[in-house]
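Descriptive analysis of the structure
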Amino acid sequence: MKRLLAISLSAAFFITLGAGCAPVKKPVPPRPDPRIVSEPNDPAPRNNQNRMPTTSSEMNKLAEKMSDEAVQVSGVKSAAVAISGTDAYVGIDLKSGAEGKETNNIKKAVADRLENADNRITNVYVSTDADTITRIKRVAKGIAAGKPLASFTAELAEIGRRITPQKDK
C-alpha cells in the first residue's frame, strides 16, 4: 500500500514538474508595415511616399534625374547612371585637364550631389574608368529598354566590386 502511494505521488510530482517546465508560447510580435517609416529620432512614424521605383520606366526616370545632377558638378562632361535598389552606379566622363586629386574631389562631389538630390539613394559608386562607364551605360540602356533588373545583377555586382562607394549615408 505504501509502495503504491509512493509511486502515485512520484508520478504526480513528475507530471506536475514536466507541465511546469514546458516552454511558454509567446505571441509573435507584429511585423512592421513597410509603408511606414520612422526616422531614428522621430517618434511619429509617417507614410513612406518615397519608396524606390519598381518599374523599368520609373527607374529610368530616376537614373536620368541622377545623370542630370551629376553633370551639374564642375568638371563633369557627361554621366551615365544605373540604379539598383538604393545603390547608384555612376560613370562620369571628365572635362579635359582633371587629374589625380582633382578627379577624386569631383567623384566625391558627384556622390554628395546625388545623395542630396534623392534621399532614397544610400550608396553612390562613381567611376571614371572607360570600361566601367561602358558597362554602366549598357546596364542603363537595358533597363531603359524594359529589361528586368535581375538580368543585370551579375554585371552590377562586378561593377560594385571594382568601385568602392564614394560615401555611405
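Up top you'll find the structure we're talking about.
Cut-off values and rules
Along each chain, the written sequence defines residue order, and numbers are assigned to residues from 1. Residue-level local features of this predicted model are given only where pLDDT is at least 70; pairs of side-chain atoms are given and counted only at 80 or more, and the full residue set underlies all totals for whole chains, interfaces and linings. Heavy atoms from the whole structure form the basis of all side-chain values; hydrogens and water molecules are not counted. Only DSSP runs of H or I with at least four residues qualify as helices, and only runs of E with at least two residues qualify as strands; both kinds are numbered from the N terminus onward. Exposure classes here rest on a 1.4 Å probe applied to the protein chains alone. A residue is buried below 20% of its type maximum, exposed above 50%, and partly exposed in between. Residues are treated as being in contact if the distance between any of their heavy atoms lies within 4.5 Å. Only the protein chains shown count as cover for residues, and the accessible areas themselves come from Shrake-Rupley with a 1.4 Å probe. Two strands qualify as a pair provided that DSSP identifies no fewer than 2 bridges between them. Note: the arc covers the axis-to-C-beta directions of the helix. All axes here are fitted lines through C-alpha atoms, helices being fitted over the stretch that makes contact, and every angle between N-to-C directions spans 0 to 180 degrees. Should an angle fall under 35 degrees it is taken as roughly parallel, and over 145 as roughly antiparallel, whereas 65 to 115 is taken as roughly perpendicular and any remaining angle as oblique. Should the near helix be turned counterclockwise from the far one by less than a right angle, the crossing is left-handed, whereas a clockwise turn marks it as right-handed. Contacts described as polar in this section are N or O atom pairs within 3.5 Å, which, within protein, must combine one atom able to donate a hydrogen with one able to accept it, while residues neighboring in sequence count only if both atoms come from side chains. Orient the strands so they point away from the viewer; a crossover is then right-handed if the path from the first strand over the helix to the second runs clockwise.

So, about the overall build of the protein chain. Along the protein chain, the regular secondary structure elements total five helices and six strands. For the protein chain, the α and β elements follow one another from N to C terminus as α-β-β-α-β-β-α-β-α-α-β. Per-residue burial over the protein chain gives 31% buried out of 169 residues. Look at the contacts in the protein chain between residues 6 or more apart in sequence, and 60% of them connect residues 24 or more apart. As presented, the protein chain carries roughly 11,400 Å² of accessible surface, and 54% of it is formed by carbon and sulfur atoms.

Along a regular strand, successive side chains alternate from one face of the sheet to the other. By the criterion of burial, strand E3 (residues 76–84) is predominantly enclosed, with seven of the nine residues buried. Two elements, E3 and strand E4 (residues 87–94), share eight bridges in a ladder whose sense is antiparallel. Residue pairing for E4: Ile83 is matched across the bridge by Ala88. Hairpin remark: E3 followed by E4, antiparallel, with two residues in the connecting loop; positive phi at Gly85, about 65°.

Let us look at helix H5 (residues 153–162). Taken residue by residue, H5 has Glu155, Leu156, Ile159 and Gly160 as its buried positions. Buried residues of H5, seen end-on, are gathered within an arc of 135° and therefore sit on one face of the element. Residues of H5 that are exposed and point more than 90 degrees away from the buried face comprise Ala154 and Arg161. The secondary structure elements touched by the buried residues of H5 are E3, E4, strand E5 (123–127) and helix H4 (130–144).

Viewed as axis vectors pointing N to C, H4 and H5 meet at an angle of 150°, and their least axial separation amounts to 11 Å. In terms of orientation, H4 and H5 fall into the roughly antiparallel class. As H4 runs across H5, the sense of the crossing is left-handed. Packed against H4, whose contacting residues are Asp131, Thr132, Arg135, Ile136, Arg138 and Val139, the element H5 presents Glu155, Leu156, Glu158, Ile159 and Arg162 at the interface.

A few words on the environment of Asn104. Within the fold, Asn104 resides in helix H3 (residues 101–117). On the basis of relative accessibility, which here comes to 41%, the residue Asn104 falls in the partly exposed class. Residues Asn104 and Val126 lie 22 residues apart in sequence; the distance between their C-alpha atoms is 9.6 Å.

Attention now moves to the environment of Asp129. With respect to the helices and strands, the residue Asp129 is situated in the loop between E5 and H4. When the C-alpha atoms of Asp129 and Ile92 are compared, they prove to be 8.3 Å apart, with 37 residues separating the residues in sequence. A distance of 2.9 Å separates the side chain of Asp129 from the side chain of Thr132, its partner in a polar contact.

Here E5 lies mainly inside the structure; five of its five residues are buried. Neither face of E5 is exposed, since Asn123, Tyr125 and Ser127 on one face and Val124 and Val126 on the opposite face are all buried. Across five bridges, the pairing between E4 and E5 is parallel. Residue pairing for E5: Asp87 is matched across the bridge by Asn123. As for the winding sense of the linkage, the β-α-β connection from E4 through H3 to E5 is right-handed.

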